[in-house]
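Summary of the model geometry
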Amino acid sequence: MTVSSTLYDGPQGQLLLAVRNGGEVVRVAFVDGAPNVEEDWVRNDGALVSLVRQLDEYFAGERTEFELALAPEGTPFQLEVWEALRAIPYGETISYGELASRVGRPGAARAVGAANGRNPLSIVVPCHRVIGANGTLTGFGGGLGWKRCLLELEAGRSTLPMRV
């Protein structure tokens, strides 16, 4: 199994992108310092053309849903939470408590928050759409600057420059 990766210059910093078998997305991660590239991954920008194009379209405000084969690895609970994240519509937000209810575990907001924080497919699986119960922005893997940027883009309050 070959995993191809590349770095992507996003509006708030770099993202590490990785696909398996030429198309299944396994990683969209924020880079803070040195990218966390697995030892057996190979750099192959050509294998990530579809993912890069869709991210470009998203950041340009032209795409509201991603059409990609996703292959995140996690526990059954994490996979369930990540699938529920995909059901949050573009431009909308929900609380961790609401997300817990949506996966049939009301009262498990902390566990849902932990699963949300381990999402290996940031942006594509929109963990940024989950906010605090009082409407505040809470922790985010890429930092609150990224989260604010993504939510403002989806609310139509900002446009982001295209990647060069």
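Residues numbered from 1 in each chain as written. Predicted model: local features only at pLDDT ≥ 70, side-chain atom pairs only at ≥ 80, totals over all residues. Heavy atoms only, no water.

What about the pairing of strand β1 (residues 3-10)?
Within β1, six of the eight residues are buried, which leaves it mostly tucked inside the rest of the structure. Bridging between β1 and strand β2 (residues 13-20) involves eight bridges; their strand directions are antiparallel. Residue pairing across strands places Gly-10 opposite Gly-13, the latter belonging to β2. In this antiparallel pair of consecutive strands, β1 and β2, the connection spans two residues. Sheet analysis places β1 next to strand β4 (residues 42-43), joined by two bridges and oriented parallel. Residue Ser-4 lies in a different strand from β4, and its bridge partner there is Val-42. (Buried < 20%, exposed > 50% of the residue type's maximum accessible area, 1.4 Å probe, protein only. Helix = DSSP H or I, 4+ residues; strand = E, 2+ residues; numbered from the N terminus. Pairing = 2+ DSSP bridges.)

Thoughts on the packing of helix α2 (residues 76-86) against helix α4 (residues 109-117)
Where α2 contacts α4, the two axes come as close as 9 Å, and the packing angle between them is 80°. In terms of orientation, α2 lies roughly perpendicular with respect to α4. Contacts between α2 and α4 pair Phe-77, Gln-78, Val-81, Trp-82 and Leu-85 from the former with Ala-111, Val-112, Ala-115 and Asn-116 from the latter. Within the contact of α2 with α4, the residues separate by chemical class into seven nonpolar, two polar and no charged. (Axes fitted to C-alpha atoms, helices over the stretch in contact; angles between N-to-C directions. Parallel < 35°, antiparallel > 145°, perpendicular 65-115°, else oblique. Contact = heavy atoms within 4.5 Å. Nonpolar A, V, L, I, M, F, W, Y, C, P; charged D, E, K, R; others polar.)

Brief notes about helix α5 (residues 144-154)
Every α-helix winds through 3.6 residues per turn, so residues three or four apart in the chain are directed the same way. Those residues of α5 that sit buried are Trp-146, Lys-147, Cys-149, Leu-150, Leu-151, Leu-153 and Glu-154. Along its buried surface, α5 packs onto β1, β2, β3 (24-30), α1 (49-59), α3 (96-102) and β6 (130-131).

Points about the side chain of Ser-4
Tracing the backbone through its elements, the reader meets Ser-4 in strand β1. The class of Ser-4 is buried, set by a relative accessible area of 4%.

Looking at α4
Buried within α4 are the following residues: Val-112, Ala-115 and Asn-116. The buried residues of α4 occupy an angular sector of 100° when projected down its axis, which confines them to one face. Counted as exposed and oriented over 90 degrees from the buried face of α4: Arg-110 and Gly-117. Structurally, α4 contributes buried residues whose contacts are with α2, α3 and β6. (Arc of directions from axis to C-beta.)

A word on the pattern of salt bridges
Side chains carrying opposite charge are able to pair once their charged atoms draw close together. Taken as a whole, this structure holds 10 salt bridges when the rule is applied. Of the charged contacts, one joins Glu-24 and Arg-20 as a salt bridge, the two residues approaching to 3.0 Å between their closest N and O atoms. Owing to a relative accessible area of 29%, Glu-24 belongs among the partly exposed residues under this scheme. Since its relative accessible area comes to 15%, Arg-20 is described here as buried. Across the salt bridge formed by Glu-154 and Arg-129, the nearest N and O atoms sit 2.8 Å from each other. Residue Glu-154 is located in helix α5, and its partner Arg-129 is located in the loop between α4 and β6; the two are separated by 25 residues in the primary sequence. Salt bridges sharing partners connect three or more residues here, namely Arg-20, Glu-24 and Glu-73. (Salt bridge = Lys/Arg side-chain N within 4 Å of Asp/Glu carboxyl O.)

Quick word on the sheet that holds β4
Here we have four strands laid out as an open sheet, ordered β3-β2-β1-β4, and mixed in their pairing. Strand pairing shows two members of the sheet lacking a second neighbour, β3 and β4, which therefore form its edges. Pairing analysis gives six bridges linking β2 to β3, with the strands arranged antiparallel. Across the sheet, residue Ala-18 finds its bridge partner in β3, namely Arg-27. Of the strands in this sheet, β1, β2 and β3 touch α1, which is tilted by about 140° from β2.

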